[in-house]
Amino acid sequence: FQWTGTITGGAGTVYEGLTFKLSLKFPTGYPYEAPAVTFNPPSCFHPNVDQYGNICLDILKEKWSAVYNVRTILLSIQSLLGDPNLDSPLNGHAASLWPNQRAHARSGGREQSARRE
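Starting afresh in each chain, residues are numbered from 1 along the sequence in its written order. pLDDT decides what is reported in this predicted model: residues at 70 or higher carry local features, side-chain atom pairs at 80 or more are listed and counted, and totals for whole chains, interfaces and linings draw on all residues regardless. The basis for the side-chain values is all heavy atoms of the structure; hydrogens and waters are excluded.

**Thoughts on the sheet that holds strand β2 (residues 19-25)**
For step 1, the next point in the chain: One bridge is not enough; two strands pair if DSSP finds at least two bridges between them. Strands here are runs of E lasting at least two residues and helices are runs of H or I lasting at least four, both read from the DSSP assignment and numbered beginning at the N terminus. One open sheet holds the 3 strands; their spatial order is β1-β2-β3, and the pairing between them is antiparallel. Both outer strands of the open sheet, β1 (2-8) and β3 (36-39), are each paired with one neighbouring strand and no more. Strand-to-strand, the axes of this sheet are offset by a mean angle of 25 degrees, without reference to chain direction.
For step 2, the next point in the chain: Sheet topology note: the β1/β2 ladder contains 7 bridges and is antiparallel. Bridging from a neighbouring strand, T8 pairs with T19 of β2. Interaxial angles span 0 to 180 degrees and are taken between N-to-C directions of axes, which are lines fitted to C-alpha atoms, for helices over the stretch in contact.

**Some remarks on the nonpolar core**
For step 1, the next point in the chain: Nonpolar core, defined: a set of buried Ala, Val, Leu, Ile, Met, Phe, Trp, Tyr and Cys residues in which side-chain atoms within 4.5 Å join the residues together. Between buried and exposed lies partly exposed: a residue is buried under 20% and exposed over 50% of the maximum accessible area for its type, with that area taken using a 1.4 Å probe on protein chains only. By size, the foremost hydrophobic cluster in this structure holds 22 residues, and its most contacted members are I7, L22, V37, F39, I55 and I77.
For step 2, the next point in the chain: For this core, the secondary structure elements donating two or more residues are β2, β3 and α1 (70-82).
For step 3, the next point in the chain: Examining the composition of this core, we find that 6 residues originate from one element, α1, more than from any other.

**Focus on the UniProt feature "active site" (unreviewed entry) in the protein chain**
For step 1, the next point in the chain: UniProt positions are given in the numbering used here, feature names are shortened, and annotations may be inferred rather than shown by experiment. Following the UniProt record, one finds the feature "active site" (unreviewed entry) at C56.
For step 2, the next point in the chain: Positionally, C56 belongs in the loop between β3 and α1.
For step 3, the next point in the chain: Note on definitions: a residue-residue contact is assigned when non-hydrogen atoms from the two residues lie within 4.5 Å. Not counting residues within four places of it along the chain, the set of residues in contact with C56 comprises N48, L80, S88 and L90.

**Points about the environment of N54**
For step 1, the next point in the chain: Note that N54 resides in the loop between β3 and α1.
For step 2, the next point in the chain: Expressed as a C-alpha distance, the spacing of N54 and A36, which sit 18 residues apart in the sequence, is 8.7 Å.
For step 3, the next point in the chain: Contacts of N54, omitting those with residues within four sequence positions, involve T38, N48, V49 and L90.

This is the structure:
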């Protein structure tokens, strides 16, 4: 009832080129109950991920449906990396930095490089 999943950061996000491992723990009531999913190790600095690797994602909580599967979960988390829910952050510091990170990612890092020259 315990799996390890892997996702990569999406193209054009600050996580592009990074690989993350996730721990998926399936309850005995699965698929009618959501699995517990965490980053393992808890090394993802993101507005919706806390210091312990817990993820704030509605489909893993109140919006869970038995139609979701592991692929759906992993794709949703991958999508969340590039498009966080800033209205419900688990990591306030990461949330406060996010607008700057988004601009940096969209510029391909050119803003910071231009300042160094």
